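Structural description and commentary
Take a look at the letters that make up each chain.
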Protein chains: 2
Amino acid sequence: MAATAPRRRGPRRATTEGEILDAALALLDQGGATAVSVRGIAARVGVAPNAVYTYFPDKAAVVKALVERLLSEVNHDVFADRAQPWRLRVEALALELRQRLTAHPGVVQLMISGPVTGPQALALHEALLELLDDAGLNPADAPRASYLLFVYIVGSLALVVADVEEPGPLPPEAGWIARRRQALAKTPADHYPRAATAAATRAAYISTEQYLWGLHRLLDGIATSAQPSIEQRARDAIHQDGHSSPHNTPATSPLH
Amino acid sequence: MAATAPRRRGPRRATTEGEILDAALALLDQGGATAVSVRGIAARVGVAPNAVYTYFPDKAAVVKALVERLLSEVNHDVFADRAQPWRLRVEALALELRQRLTAHPGVVQLMISGPVTGPQALALHEALLELLDDAGLNPADAPRASYLLFVYIVGSLALVVADVEEPGPLPPEAGWIARRRQALAKTPADHYPRAATAAATRAAYISTEQYLWGLHRLLDGIATSAQPSIEQRARDAIHQDGHSSPHNTPATSPLH
DNA sequence: ACCTGAACACCGTTCAAGT
DNA sequence: ACCTGAACACCGTTCAAGT
């Protein structure tokens, strides 16, 4: 795709494709997903609105490229170490993605405004498949599990971001939860007794702790059904049954 | 909220608040989330754009009311039967929500454009908490599990809807998957070997079957960690330990 | 190849005015 | 209470024209 362009030797005037994405990112960060506009980008770059169409066919292409750029900032090293237990590696991936994407809250909305099929998204998918293969999942379950994890991660972020109405960076977690607790305390106990009782827990839905709690339940579910049992793995060591191929890690939960 | 208005006796001119939501829904169904505009609604109702502001303070309020209306169409009966195993009940809820929301694909984007806190959303939350309580989850885990399920359901629907770019009703599943398989077959095996091998499975990510597969893993994870084991439940029948209160259902997976 | 001016068909929202 | 005309500050995209 990115053919080695002739690279003009004149001093000013940068790549201008990167400039456009820089401008789009700046708009995203200060105004949220709705603030990313072709006209806004053009104004920031210092150019007429339609000049953007020299580099991108339409706004959707700009958004797609922006999503790819942010996905490219995900550090694959944090979950690449095959000596680590697979659960810890998945957890590292989930936390890394959460951190990178919540740093630009609006990007989640942009991501789910169209199919996520760019090279960076595919590379992440590939890495996760590798990871789950290392975990001993069979080839039929690994992709299913990878999508399950992706759905959970994206869904979590989408709901977290949706909870704040003002654009800009997400508020610090502690104060955010406190504010939610205050609001949820008004839940009418006569109509919604259980929701009212659980108000404090509900306030923490947007927390990293809830995020990890859910992830661990999910990993339990994947391990339970898609990994061989301890007894089965013992037998596997002698007689392979073609359904599973345990590699290196035990199915212990790291934090639970 | 809905105080009994004087109800004019003149023949024409309906509630006009419902008319607005009808128009918004029609726009949503034929043009997707982006087609829901104040001006479009006004044109459909046959009124000046600013007339909408007589009934709603802003567009966000219209969207919120529309989401609530669609959530109100969710049939609680399909998961209300306490004689049914809890897993089947959760599955019924998940399928009911999926069916209702995919009937109006754009609504998922509208839902996650702001906090989901209306009465209908709360009622659903309450019902799910009741259900998980029936399942024997302790009061600390039930709300966490309910949010986990909600995240999964909403995340799944968001990604399913994001996969189609044209607005309007979702395509029939079989042809949709076939089209995806055709596209994913082009995955370069040299760069993404596992993703390429799993192309057929990836094509079915948007299927109801994958949706249920993920849900079952999730239920396994919830049952494993938050429900007492079989032995523990046997002991529970005699000696209550205050951590769990099993009611009526075994932890068998219905479809797996 | 890269950019512009001008235009088209849209947005959400406000304000003053009318009934 | 309910609605309108007019306006303001925005959108994405196209087209013909310029360098």
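Heads up: the structure comes first, above all this text.
Definitions and limits used
Residues numbered from 1 in each chain as written. Chains lettered and ligands numbered in written order. Predicted model: local features only at pLDDT ≥ 70, side-chain atom pairs only at ≥ 80, totals over all residues. Heavy atoms only, no water. Helix = DSSP H or I, 4+ residues; strand = E, 2+ residues; numbered from the N terminus. Buried < 20%, exposed > 50% of the residue type's maximum accessible area, 1.4 Å probe, protein only. Contact = heavy atoms within 4.5 Å. Areas by Shrake-Rupley, 256 points an atom, 1.4 Å probe, with all protein chains shown as cover. Near = heavy atom within 4 Å. Polar contact = N/O pair within 3.5 Å; in protein donor to acceptor, adjacent residues only side chain to side chain. Nonpolar A, V, L, I, M, F, W, Y, C, P; charged D, E, K, R; others polar. Axes fitted to C-alpha atoms, helices over the stretch in contact; angles between N-to-C directions. Parallel < 35°, antiparallel > 145°, perpendicular 65-115°, else oblique. Least-squares fit on C-alpha atoms with pLDDT ≥ 70 in both. Expected span 1.5 Å × (residues − 1). Buried area = accessible area lost by both parts, 1.4 Å probe. Salt bridge = Lys/Arg side-chain N within 4 Å of Asp/Glu carboxyl O. Phe/Tyr/Trp six-rings, centres within 6.5 Å; stacked < 30°, edge-to-face > 60°. Lys NZ or Arg CZ within 6 Å of the ring centre and 35° of its normal.

Counting its secondary structure elements, chain A contains twelve helices and zero strands. Relative to its full complement of 256 residues, chain A shows a buried share of 48%. A fraction of 68% describes how many contacts in chain A between residues 6 or more apart in sequence connect residues 24 or more apart. Total accessible area computed for chain A in this model is approximately 12,600 Å², and 55% of it derives from carbon and sulfur atoms.

Taken together, 17 residues lie near DNA strand C, and Ala48, Asn50 and Tyr55 of chain A together with Arg39 and Tyr53 of chain B sit nearest. Protein-adjacent atoms of DNA strand C, using a 4 Å cutoff, are sugar or phosphate at a proportion of 51%. Between DNA strand C and Asn50 of chain B there is a distance of 3.3 Å, counted from a base oxygen to a side-chain nitrogen or oxygen. Measuring from a phosphate oxygen of DNA strand C, one finds a backbone N or O atom of Lys59 of chain B at 3.0 Å. Taken together, the residues of the surface near DNA strand C break down into seven nonpolar, four polar and six charged.

Right, let's talk about the environment of Pro172 of chain B for a bit. Positionally, Pro172 of chain B belongs in the loop between helix H7 (141–162) and helix H8 (173–184). Considered as a pair, Pro172 of chain B and Ser146 of chain B are 26 residues apart in the sequence and their alpha carbons are 30 Å apart.

Now for the packing of helix H1 (residues 17–31) of chain A against helix H3 (residues 59–72) of chain A. Residues and elements named next belong to chain A. Running from N to C, H1 and H3 cross one another at 85°; their axes reach a closest spacing of 10 Å. Taken together, the axis directions place H1 and H3 in an arrangement best described as roughly perpendicular. For the pair formed by H1 and H3, the contact residues are Gly18, Ile20, Leu21, Asp22, Ala24, Leu25 and Leu28 on the first element and Val62, Ala65, Leu66, Arg69 and Leu70 on the second. Looking at the contact of H1 with H3 residue by residue, the classes come out as nine nonpolar, one polar and two charged.

Further remarks concern the protein's contact with DNA strand D. For DNA strand D, the set of nearby residues contains 17 residues, the closest of which are Arg39 and Tyr53 of chain A together with Ala48, Asn50 and Tyr55 of chain B. Counted by atom, the contact set of DNA strand D within 4 Å of the protein is 50% sugar and phosphate. Tyr53 of chain A places a side-chain nitrogen or oxygen 2.8 Å from a phosphate oxygen of DNA strand D. One of the side-chain N or O atoms of Tyr55 of chain B is found 2.6 Å from a phosphate oxygen in DNA strand D. For the surface near DNA strand D, a count of residues per class yields seven nonpolar, four polar and six charged.

Once that is clear, we can look at the relation of the copies chain B and chain A. Between chain B and chain A, the superposition needs a rotation of 180° and an axial shift of 0.0 Å, giving an RMSD of 0.0 Å. When the rotation and shift are considered jointly, the pair of chain copies conforms to a two-fold rotation axis.

What follows concerns helix H4 (residues 86–102) of chain A. Compared with the 24 Å implied by 1.5 Å per residue over 17 residues, the 24 Å span of H4 of chain A between its first and last C-alpha is a close match. Across the 17 residues that make up H4 of chain A, a large majority, twelve, are buried.

It is worth spelling out the environment of Asp77 of chain B at this point. Within the secondary structure, Asp77 of chain B is located in the loop between helix H3 (59–72) and helix H4 (86–102). Spatially, the C-alpha atoms of Asp77 of chain B and Leu170 of chain B are 26 Å apart, while their sequence positions differ by 93 residues.

This part covers the interface of chain B and chain A. On the chain A side, the residues contacting the 52 residues of chain B number 52 residues. Buried surface at the junction of chain B and chain A, both sides included, amounts to about 4,800 Å², of which 66% is carbon and sulfur. Together, Arg144, Tyr147 and Arg194 of chain B form the three largest contributors to the area buried by chain B at its contact with chain A, with a combined 16%. Counting across the chain B and chain A interface gives four salt bridges. Here Glu209 of chain A makes a salt bridge to Arg144 of chain B, at a shortest N to O gap of 3.1 Å. Connecting chain B to chain A are 16 residue pairs in polar contact (both at pLDDT 80 or more). Within the residue set of the side of chain B that touches chain A, elements represented by two or more residues are helix H6 (119–134), H7, helix H9 (193–197), helix H10 (199–203) and helix H11 (208–226) of chain B. Top contributing element to the side of chain B that touches chain A by residue count: H7 of chain B, with 16 residues. A per-class count over the side of chain B that touches chain A returns 26 nonpolar, 15 polar and eleven charged.

Right, let's get into the pattern of salt bridges. Under the counting rule described, the total for this entry stands at 19 salt bridges over all chains. Of the charged contacts, one joins Arg100 of chain A and Glu96 of chain A as a salt bridge, the two residues approaching to 2.7 Å between their closest N and O atoms. Here Arg100 of chain A pairs with Glu96 of chain A, and both are found in helix H4, just four residues apart, close to one helical turn. Relative accessible area serves as the criterion here: at 8%, Glu96 of chain A is assigned to the buried category. With a shortest N-O distance of 2.5 Å, Asp22 of chain B and Arg69 of chain B are connected by a salt bridge. Residue Asp22 of chain B is located in helix H1 (residues 17–31), and its partner Arg69 of chain B is located in helix H3; the two are separated by 47 residues in the primary sequence.

To continue, consider the packing of aromatic side chains. All told, the structure shown has four aromatic pairs over all chains when counted by the stated rule. Taking the centre distance of 4.3 Å and the plane angle of 20° together, the rings of Tyr147 of chain A and Tyr205 of chain B count as stacked. Of this pair, Tyr147 of chain A sits in helix H7 (residues 141–162) while Tyr205 of chain B sits in the loop between H10 and H11, each in a different chain. Arranged with centres 5.7 Å apart and planes meeting at 10°, the rings of Tyr152 of chain A and Tyr211 of chain A form a pair that is stacked. Of the two residues, Tyr152 of chain A sits in helix H7 while Tyr211 of chain A sits in helix H11 (residues 208–226), which places them 59 residues apart along the sequence. Across the pair, exposure class does not vary: Tyr152 of chain A and Tyr211 of chain A are buried alike. Here Arg217 of chain A stacks its cationic end above the ring of Trp213 of chain A, 5.0 Å away from the centre of that ring.

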